Amino acid sequence: MAGEMDAEGIDGVRMSWNVWPRSKVEASKCVIPIAASISPIWHHKDIPNLPYLPLRCKSCSCILNPYCRVDFTVKIWICPFCFQRNQFPPHYSSISEQNVPAELYPQYTTVEYNLQQQFQQNPNDPASGSAPPPVFLFVLDTCLIEEELDFVKSALKRAIGLLPEHALVGFVSFGTQVQVHELGFADLSKVYVFRGTKEITKEQILDQLGLSLSAQRGAAPGGPGFPQRGAVGNGVVANASVSRFLLPAADCEYTLNSVLDELQPDQWPVQPGHRAARCTGVALSVAAGLLGACLPGTGARIIALVGGPCTEGPGTIVSKELSEPVRSHKDLDKDAAPHFRKAVKFYENLAKQLVTQGHVLDLYASALDQVGVAEMKVAVERTGGLVVLAESFGHSVFKDSFKRMFEEGEQSLGLSFNGNLEISCSKEIKIQGIIGPCTSLEKKGPAVSDTVIGQGNTTSWKICGLDKTTCFTVFFDVSPTDRSNPQGTANPQLYLQFLTSYQNPEGQLRLRVTTVTRKWVDSAVSTEELVEGFDQEAAAVIMARLTSLKMEMEEEFDATRWIDRSLIRLCSRFGDYRKDDPTSFTLNPSFSIFPQFMFNLRRSQFVQVFNNSPDETAYFRMLLNRECIKNSVVMIQPSLLSYSFNMGATPALLDVSSIAADRILLLDAYFSVVVFHGMTIAQWRNSGYHHQQEHQAFAQLLQAPQEEAQYIVHERYPVPRLVVCDQHGSQARFLLARLNPSATYNSQHDVAAGSDVIFTDDVSLQVFFEHLQRLAVQS
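Please read all numbers here as calculations on a predicted model, not as lab measurements.

J.: I tried to follow the overall build of the protein chain on my own but got confused; where do I start?
T.: Counting secondary structure elements, the protein chain contains 23 helices and 32 strands. Residues classed as buried in the protein chain amount to 58% of the 779 residues present. The contacts in the protein chain between residues at least 6 apart in sequence include a share of 72% that link residues at least 24 apart. Total accessible area on the protein chain stands at roughly 32600 Å², and carbon and sulfur atoms take up 51% of it.

Pasting the structure below:
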């Protein structure tokens, strides 16, 4: 495990290129974009927590870091970004070469400042008037069959029991109409009902809930990310009208459990041949309006539990008639999905409202058919929300993921709120944008590039919700000055600083500062250093994220062709070969597995949408865009372990030739984990040999992959689907779909006994590589 973390190091930063070409022209010849993957609140035991305020450069606002030059005699530090000389303040007067503050230690390239300490009154009481409590507003779909509703109600009860006692909780249910439940009265359940047929303005929502302007003023935000002093006290919002809807978990657990016990499936009659009338859009509008009135600028999450498509009011994705199918990828390509654009527009506006308020939308979608994840994606992604897609509320994918969201301790996701990310860079570098769960704050500056990728046109981003593994991909431009910069020769290093301010799970305000440096190289003279600095895992993930974005943003974009052409250019530029001689082609070890990543990316669910619904594709891409490099690599190229009698768990080739009758394979494809039993193993197991005393070794062989699979399932969020299958069984497709088809139904060569063939016309990795060699060496 330690080895896996080492690649990210203390900083949580990985780059496609660890040395950078000096000019725009040389950068374009690199083919793979210059980009960094950053996990802003990456958990690492060596990150120091500093109980004082940071020192900022008076010219560019960068923060004191190990790369600053310090003159201890005159107490001055020089900023590596703008070369400004800054005087140390009086309280740094004892600074010397033997006595330096933590942020100047060379190993502390990442530090975290605790901004809470200066006005924390009682650190042991999380609701002591300084740290606002976390807020959870549950929005539950009731257009479900009885069994599904029971599953989701028991999951909700368990979640409320896991919440911190001071966390504020609210509850909204919806079907044909929206019901906002008042939790302030245990004896009498009071409900406010909204019609689900048409869009409601924020003002109408506030009027109907009795949260008029005067009530809103009572909870106006006092400073960035916090309500006014006194607005939150003893864990309860001071405003009486607010506390009717949002109560501390300890005070409303009984009431909420009673409400859930009484909750019935939506009673509105559904005509034969029709879908249930479900107003998801209005329900989320009402939830956003309620939080905006009560707690603007405070860490709050809307947790939507949705069991089917929206068929009523804004956000509708399909009509009520069952004769109209839910939109497919083909419909979206032909612009034949009548509701799609309108629904996306609605969710874009909802995303803007939530980002302004600083609130998060989490989505738990559980249904056999689609619920509209593709349309809601923009609101979930821009607010940094979590998303889980399952087939049923009774499935472990939903149940275990939902439980994990509220767990504390080792299993905690580290859910944090109200983040802001700022990036500073050396003046030869410009920022094109970010792919990931954030929103551009449109903060212009000299470091903003004209080219925009993802959330761009800015050096600052809003992250309403983030956790320990949240990851962003930042794309950079090398400035077109082409070495006209007088500092060029004098300064062989470039610098980047990532500043993330956020509210941690305890509600305390933190500032994480990560400063990294890389070397400039003149790649026109020699490409050797450039090659050595290539991170093929990071590059593969960056290419996957960029491909997914282009597939969504650019019409008629041919992803497979674009990946192939990029790979040919890369191999042509960095491979060793004699012109027009494919047999002479070799790749440096720094590039050796990159073609294999691209081969698997072409075949992955991010590029091949044929077998997936728009909801599934949106789900896969949202997770690809927010997970760390290690996890994203597994999504692109699954890992395969082989278990047999003569050797324990050994890594196996992701190839159909790895299948054998006397082996068990364990495939980790991130979204699913497959335990696959060879034919002979399955027969022995069915005969019950593992129950016999003399076959203990066989029992252990069956047990080992199951234990490893459980470990993976336990560590991951969202919880993956666990598939246990046998060779030639119907579920074996989960494994076969991800293997290299080196033996297919039309292969010429014999297949080893007990192995398998794949029924596909896809080319194998070997054929792919032969084509690549031939095209890369062409003169």
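And the narrative resumes.
J.: Sorry if this is basic, but what is going on with the sheet that holds strand S3 (residues 35-38) here?
T.: Each strand in a sheet pairs with its neighbour through backbone hydrogen bonds, running either in the same direction (parallel) or in the opposite one (antiparallel). Pairing is antiparallel across the open sheet formed by four strands, whose spatial order is S1-S3-S23-S20. Of all the strands in the sheet, just strand S1 (13-15) and strand S20 (429-435) have a single pairing partner and so form its edges. Across the sheet, the mean angle separating the axes of adjacent strands is 25 degrees when strand polarity is ignored. Where S20 meets strand S23 (residues 472-478), six bridges bridge the pair, whose relative direction is antiparallel. Bridge pairing in S23 links Lys430 to Asp477. Helix H15 (residues 536-553) rests against S1, S3, S20 and S23 of the sheet, and its axis sits at about 95 degrees to S23.

J.: Sorry, what's going on with the packing of aromatic side chains here?
T.: For any pair of aromatic rings, the description consists of the separation of the ring centres together with the inter-plane angle of the planes. Taken as a whole and assessed by the stated rule, the structure comprises 33 aromatic pairs. Both rings, one in Tyr364 and one in Phe398, keep their centres 5.9 Å apart while their planes meet at 85 degrees; by these two values the pair is edge-to-face. You can see Tyr364 sitting in strand S17 (residues 359-366) and its partner Phe398 sitting in helix H12 (residues 396-406), a full 34 residues away along the chain. Phe398 matches Tyr364 in its accessibility class, with the two residues each being buried. Judged by centre distance (4.6 Å) and plane angle (55 degrees), the ring pair of Phe620 and Phe671 falls under tilted. Residue Phe620 is found in helix H18 (residues 614-626), and its partner Phe671 is found in the loop between strand S30 (664-668) and strand S31 (672-677); the two are separated by 51 residues along the sequence. Given a relative accessible area of 15%, Phe671 falls into the buried group. One aromatic cluster in this structure is built from Phe136, Phe138, Tyr364, Phe393, Phe398, Phe402 and Phe406.

J.: Explanation requested: the packing of helix H20 (residues 679-686) against helix H21 (residues 696-715) in the structure shown.
T.: Packed helix pairs are characterised by how far apart their axes lie and by the angle those axes make with each other. Two elements in contact, H20 and H21, have axes whose closest approach is 12 Å; the angle formed by their N-to-C orientations is 115 degrees. Seen along the crossing, H20 lies across H21 with a hand that is left-handed. Note on element contacts: H21 touches H20 through Phe698, Leu701 and Leu702, opposite Ile681, Trp684 and Arg685. Within the contact of H20 with H21, the residues separate by chemical class into five nonpolar, no polar and one charged.

J.: When you look at the sheet that holds strand S6 (residues 76-78) in this model, what are you seeing that I'm missing?
T.: Strand order in the open sheet formed by three strands is S5-S6-S7, with antiparallel pairing between adjacent strands. On the outer flanks of this sheet lie strand S5 (69-71) and strand S7 (85-87), each paired with one strand and no other. For this sheet the average axis-to-axis angle between neighbouring strands, irrespective of direction, equals 25 degrees.

J.: Would you explain the packing of helix H10 (residues 340-357) against helix H11 (residues 373-382) in this entry?
T.: Interhelical geometry of H10 versus H11 gives an angle of 15 degrees and a closest axis separation of 8 Å. One finds that H10 runs roughly parallel with respect to H11. Judged by the sense of rotation from one axis to the other, the crossing of H10 with H11 is right-handed. Residues Phe340, Ala343, Val344, Tyr347, Glu348, Ala351 and Val355 of H10 form the contact with H11, whose participating residues are Ala374, Glu375, Met376, Val378, Ala379 and Arg382. Tallied by class, residues from the contact of H10 with H11 come to 10 nonpolar, no polar and three charged.

J.: Would you take a moment to explain the pattern of salt bridges for this structure?
T.: As a working rule, side chains carrying opposite charge can pair if their charged atoms are close by. Under the defined criterion, the tally for this structure stands at 30 salt bridges. A salt bridge links Asp535 to Arg14, with the nearest nitrogen and oxygen atoms 3.0 Å apart. Of this pair, Asp535 sits in the loop between helix H14 (528-532) and H15 while Arg14 sits in strand S1, and the two are 521 residues apart along the sequence. Comparing Asp535 with Arg14 shows no difference in burial state: the two are buried. Salt-bridge contacts for Asp726 lead to Arg685; the nearest nitrogen and oxygen are separated by 2.7 Å. Of this pair, Asp726 sits in strand S32 (residues 721-726) while Arg685 sits in helix H20; the two residues are 41 residues apart in sequence, bridging distant segments of the chain. We classify Asp726 as partly exposed; its relative accessible area is 22%. Note on Arg685: relative accessible area 21%, which makes it partly exposed. Several salt bridges share partner residues, and in doing so they unite Lys377, Glu381, Glu552 and Arg621 into one network.

Criteria and thresholds
- Residues numbered from 1 in each chain as written.
- Predicted model: local features only at pLDDT ≥ 70, side-chain atom pairs only at ≥ 80, totals over all residues.
- Heavy atoms only, no water.
- Helix = DSSP H or I, 4+ residues; strand = E, 2+ residues; numbered from the N terminus.
- Buried < 20%, exposed > 50% of the residue type's maximum accessible area, 1.4 Å probe, protein only.
- Contact = heavy atoms within 4.5 Å.
- Areas by Shrake-Rupley, 256 points an atom, 1.4 Å probe, with all protein chains shown as cover.
- Pairing = 2+ DSSP bridges.
- Axes fitted to C-alpha atoms, helices over the stretch in contact; angles between N-to-C directions.
- Phe/Tyr/Trp six-rings, centres within 6.5 Å; stacked < 30°, edge-to-face > 60°.
- Left-handed = near helix turned anticlockwise from the far one by under 90°.
- Nonpolar A, V, L, I, M, F, W, Y, C, P; charged D, E, K, R; others polar.
- Parallel < 35°, antiparallel > 145°, perpendicular 65-115°, else oblique.
- Salt bridge = Lys/Arg side-chain N within 4 Å of Asp/Glu carboxyl O.

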